[in-house]
Amino acid sequence: MSVRILGIDPGLGITGYGVIEKDRSALRYVASGRVRSDPSQPLAVRLSTILAGLAEVIEAYDPGQCAVEQVFVNVNPQSTLLLGQARGAAICAAVLARLPVAEYTALQVKQAVVGLGHARKEQVQEMVKRLLKLPGAPGADASDALACAICHAHGGMGLGAIATQGRRVRAGRIA
């Protein structure tokens, strides 16, 4: 049974997206890109652009699940707040399309894709290229979104096909 997964790397200026298909243990690239918002526009307009752009992606590629990268805390609280709002718009696009949403930290994504939680961006791009058998490495935003989708396809932190929705996971065990 195949499942189509939308991965999202949220950002206020650029939100990356990547769509993959998982059929048993095989992963197949479907699409990737980015949604850009105009920095000269008011915040509400920029958030609306992210919401509408991802709604178009969801309509075009019809994913069955969504994986979103969690926000990390920046040195600058204002930047963190803006990133959180962009992330909220991205999650809303998925929720409005009635997609289940899974959230992963950057550490979890890198661990699942590269095998190292503190891998560099270039390492993530190279592994995304290899895992999806792409002719070249995707751009940074699309690569991060594809990596998030791959992480979800692999069951997050190695949980495979075990359903964990609505349950807590502690030290790799389902509670």
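Residues numbered from 1 in each chain as written. Predicted model: local features only at pLDDT ≥ 70, side-chain atom pairs only at ≥ 80, totals over all residues. Heavy atoms only, no water.

Novice: How should the packing of helix α1 (residues 43-61) against helix α2 (residues 77-96) be read in this particular structure?
Specialist: Interaxial distance between α1 and α2 falls to 9 Å at its minimum, and their mutual angle equals 35 degrees. With respect to the hand of their crossing, α1 and α2 are arranged in right-handed fashion. Residues L43, L47, I50, L51, L54, A55 and I58 of α1 form the contact with α2, whose participating residues are L82, Q85, A86, A89, A90, C92, A93, A94 and L96. (Axes fitted to C-alpha atoms, helices over the stretch in contact; angles between N-to-C directions. Helix = DSSP H or I, 4+ residues; strand = E, 2+ residues; numbered from the N terminus. Left-handed = near helix turned anticlockwise from the far one by under 90°. Contact = heavy atoms within 4.5 Å.)

Novice: What's the story with helix α4 (residues 121-131) in this structure? I'm lost.
Specialist: Count 3.6 residues to each turn of an α-helix, and residues three or four apart come out pointing the same way. Residues of α4 that are buried include every one of V124, Q125 and V128, and no others. One side of α4 carries all its buried residues, which in axial view fall inside an arc of 100 degrees. Buried-residue contacts for α4 involve α3 (106-113) and α5 (140-153). The positive-phi residue at the C-terminal boundary of α4 is K133, with phi of around 55 degrees. (Buried < 20%, exposed > 50% of the residue type's maximum accessible area, 1.4 Å probe, protein only. Arc of directions from axis to C-beta.)

Novice: Help me out: how do you make sense of the sheet that holds strand β2 (residues 14-23) in this one?
Specialist: By way of backbone hydrogen bonds, the strands of a sheet pair with one another, either parallel or antiparallel. Taken in spatial order, the five strands line up as β3-β2-β1-β4-β5 in an open sheet, and their pairing is mixed. Bordering the open sheet on either side are β3 (26-36) and β5 (101-104), each of which pairs with just one other strand. Within this sheet the neighbouring strands show an average axis-to-axis angle of 20 degrees, counted without direction. As paired strands, strand β1 (residues 2-9) and strand β4 (residues 65-69) are joined by four bridges and run parallel to one another. Across the sheet, the residue bridging to G7 is A67, located in β4. Relative to β3, α1 is tilted by about 150 degrees, and along the sheet it contacts β1, β2 and β3. Of the strands in this sheet, β1, β2, β3, β4 and β5 touch α5, which is tilted by about 35 degrees from β2. (Pairing = 2+ DSSP bridges.)

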